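# Topology and contacts: notes
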Amino acid sequence: MTQFLKVFLATLLTLGLLFLALPALLQLADVPSFRLGDGWLLVLAWRNEAEGTGIEFGVLPLGILALAVALIDSHRQTR
């Protein structure tokens, strides 16, 4: 169980850091506005307009992804 929590938290932290660095990368590449998902399943929304830029991401899909990675890792280690 401890290994599961370590993997879950490490994955969540890595995804969080990725999303912290993502605005700079998207801004440098001059990526137009886009949205992945909607409502509770919002993964990522990027706004790049003349008025400004902004990024928004959903915590629920990131948490589910981190949980899935931790479950797969714990299943792999029990084999």
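Overview of the structure. Throughout this document, residue positions are counted from 1 along each chain, in the order its sequence is written. For a predicted model such as this one, the threshold for reporting local features is a pLDDT of at least 70, and the threshold for listing and counting side-chain atom pairs is 80 or more; totals across whole chains, interfaces and linings nevertheless cover every residue. Hydrogens and water are ignored here; the side-chain numbers use all heavy atoms of the structure.

## What to know about helix α1 (residues 2–28)
- Each helix is a run of H or I in the DSSP string that is no shorter than four residues. Each strand is a run of E no shorter than two, and both are numbered from the N terminus. Every helix has an expected span of 1.5 Å times one less than the residues it contains. Taking 1.5 Å of rise per residue, the 27 residues of α1 would be expected to cover 39 Å, and the 39 Å separating its terminal C-alpha atoms lies within 8% of that figure.
- Given a residue, its bend is the angle between the two axes fitted to the seven residues that end at it and to the seven that start from it. Of all the bends in α1, the greatest, near 35 degrees, is centred on Ala 21, and the proline Pro 23 appears no more than four residues after it.
- Buried within α1 are the following residues: Phe 4, Val 7, Phe 8, Thr 11, Leu 15, Phe 19, Leu 22 and Leu 26.
- Its buried side turned inward, α1 meets β1 (34–36), β2 (44–49), β3 (52–57) and α2 (59–78). We call a residue buried when its accessible area falls under 20% of the maximum for its residue type, exposed when it is over 50%, and partly exposed in between, using a 1.4 Å probe and counting protein chains only. Note on definitions: a residue-residue contact is assigned when non-hydrogen atoms from the two residues lie within 4.5 Å.

## Observations regarding the pairing of β2
- The pairing of β1 with β2 spans three bridges and is antiparallel. Within β2, the position partnered with Arg 35 by the bridge is Ala 45.
- Examined bridge by bridge, β2 and β3 share six bridges and lie antiparallel to one another. Along β3, the bridge assignment pairs Trp 46 with Ile 55.
- Linking two consecutive strands that pair antiparallel, namely β2 and β3, is a turn of two residues. For two strands to pair, DSSP has to find at least two bridges joining them.

## Quick word on the pattern of salt bridges
- Salt bridge, as used here: a side-chain nitrogen of Lys or Arg that lies within 4 Å of a carboxyl oxygen of Asp or Glu. Counting across every chain of the model gives three salt bridges.
- With its nearest N and O atoms 3.7 Å apart, the salt bridge here joins Asp 38 to Arg 35.
- Judged by relative accessible area, Asp 38 falls into the exposed class, the value being 59%.
- According to the relative accessible area criterion, Arg 35 is partly exposed, its value standing at 46%.
- The closest approach of N and O atoms between Arg 76 and Asp 73, which form a salt bridge, is 2.6 Å.

## Details of the side chain of Asn 48
- Relative to the assigned elements, Asn 48 resides in strand β2.
- Under this definition, polar contacts are N or O atom pairs within 3.5 Å; protein pairs additionally need one hydrogen-donor-capable and one acceptor-capable atom, and for neighbouring residues in sequence, both atoms have to be side-chain atoms. A polar atom in the side chain of Asn 48 sits 2.9 Å from the backbone oxygen of Val 31.
- Dropping the residues within four chain positions of it, Asn 48 is found in contact with Gln 27, Asp 30, Val 31, Pro 32, Ser 33 and Thr 53.

## Things to note about the environment of Ala 10
- On the secondary structure map, Ala 10 appears in helix α1.
- Judged by its relative accessible area of 40%, Ala 10 is partly exposed.

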